[in-house]
Amino acid sequence: MAQSPNDSIAVLAIAAHRDDVEQTCGGTLLKMAERGYRTAILDLTRGEMGTRGTAADRTREATEAARILRVSWRGALDIPDGRVENTWENRLMVAAVIRTLRPRVLILPYEKGRHPDHYNASKLSYEACFLAGLSKLEVPPAEEHLDIAPLDSANSKFEIQKLKISTAHRPFKIIYASLYYDVRPTFVVDITDQFDRRFEALMAYRSQYEDQQAGRGLFPARAEIRQRVETMARFYGLLAGVTYAEPFVQHEVGLVEDITALPVKSI
Ligand SMILES: [Zn+2]
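Fair warning: this is a prediction, and the values are worked out from it, not measured in the lab. (Residues numbered from 1 in each chain as written. Predicted model: local features only at pLDDT ≥ 70, side-chain atom pairs only at ≥ 80, totals over all residues. Heavy atoms only, no water.)

(A) Looking closely at the overall build of the protein. Of regular secondary structure, the protein possesses 8 helices and 8 strands. Expressed as a percentage of the 267 residues in the protein, the buried residues total 49%. Of the roughly 13,600 Å² that the protein leaves accessible, carbon and sulfur atoms contribute 53%. (Helix = DSSP H or I, 4+ residues; strand = E, 2+ residues; numbered from the N terminus. Buried < 20%, exposed > 50% of the residue type's maximum accessible area, 1.4 Å probe, protein only. Areas by Shrake-Rupley, 256 points an atom, 1.4 Å probe, with all protein chains shown as cover.)

Right, dumping it as structure tokens:
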């Protein structure tokens, strides 16, 4: 349903770290872009705590990954890596981006998990949505906190040179990418046709994933990563009778118009 009006973004994915989206919902973003929707990614941190590579390496890699996933806009805030906290200041920064991009659908990390940055990113972003919708709340611009990827492909005409905070906005729908947590998804998205390119987007983070000396033992080799990523996608695909899928949780009930059109075989 419905692209958001004019210049706005249909789907925004927010994640704690660069490369989270590539692992949890990148196939879905690519699929939506292929259907003509504008998509965007907001990473809350820039990856300066990573064992391998620098934040500058990560910026370059995130841009390349964004191109592969055909996103129209990608930015990274300057929240410290490993210290994603649900503070008033952080909520306002995220609210500023939400008001600017005005997404109809927001993908957040699932609200539970092993890494505190992931579940904190979830709660912080949810509460930022709430703030973004308060018309009397003045939200300061976030541009000085944003590192915006220089996307210049035909699909990335949507550029925000100067972020202007317009009127209040809340996403219509919030869904949670649940791959990092062992919870039964409410639905999965078939990414069979997008799986290989999603994997390439993940592999764009060469400083993280290329076979190399630094951090050996801590980081698995590319072949093993491929196997893990494939196993997860295959597992969620099997739940719905497709080859590869990405899992999501939604907190609202599903609404059905025609029960004969319900997908996924029961027996
Ligand atoms: Zn992460």
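(B) Here's a closer look at the environment of Val71. Looking at where Val71 falls in the secondary structure, it is placed in the loop between helix H3 (55–68) and strand E3 (73–76). Given a relative accessible area of 2%, Val71 falls into the buried group. Along the sequence, Val71 and Val11 sit 60 residues apart, while their C-alpha atoms lie 9.6 Å from each other.

(C) Local environment of the coordination of the zinc ion. The coordination sphere of the zinc ion contains the protein donors His17 (ND1), Asp20 (OD), Asp20 (OD) and His118 (NE2), at a distance range of 2.1 to 2.6 Å. Classification of the site at the zinc ion as irregular follows from its 4 donor atoms and the range of 55 to 123° in their angles at the metal. Going along the chain, you hit the donors of the zinc ion in the pattern H-x2-D-x97-H. Residues His17 and Asp20 agree in their burial class; the two are buried. (Donors = N, O, S within 2.8 Å, 3.2 Å for Na, K, Ca; no water. Tetrahedral: all angles 85-135°; square planar, octahedral: opposite > 155°, others 65-115°.)

(D) Fine view of the side chain of Thr45. Mapping Thr45 onto the fold places it in the loop between strand E2 (39–43) and H3. Judged by relative accessible area, which is 0%, Thr45 ranks as buried. One polar contact links the side chain of Thr45 to the main-chain carbonyl oxygen of Ala16, over a distance of 2.7 Å. (Polar contact = N/O pair within 3.5 Å; in protein donor to acceptor, adjacent residues only side chain to side chain.)

(E) Expanded view of the pattern of salt bridges. Applying the stated rule across the entire model yields 16 salt bridges. Between Lys173 and Glu252 there is a salt bridge, with its nearest N and O atoms 2.6 Å apart. Of the two residues, Lys173 is situated in strand E6 (residues 173–177) and Glu252 in the segment after strand E8 (245–249); the sequence distance between them amounts to 79 residues. Exposure remark for Lys173: the relative accessible area of 19% places this residue in the buried category. Judged by relative accessible area, which is 40%, Glu252 ranks as partly exposed. The network of salt bridges with shared partners includes Glu22, Asp43 and Arg74. (Salt bridge = Lys/Arg side-chain N within 4 Å of Asp/Glu carboxyl O.)

(F) Structural context of unusual backbone geometry. Unlike most non-glycine residues, Arg70 shows phi in positive territory, near 60°. Relative to the assigned elements, Arg70 resides in the loop between H3 and E3. Classification of Arg70 as partly exposed rests on a relative accessible area of 34%. One non-glycine residue with positive phi stands out, namely Arg102, at about 55°.

In short, geometric facts, not functional conclusions.
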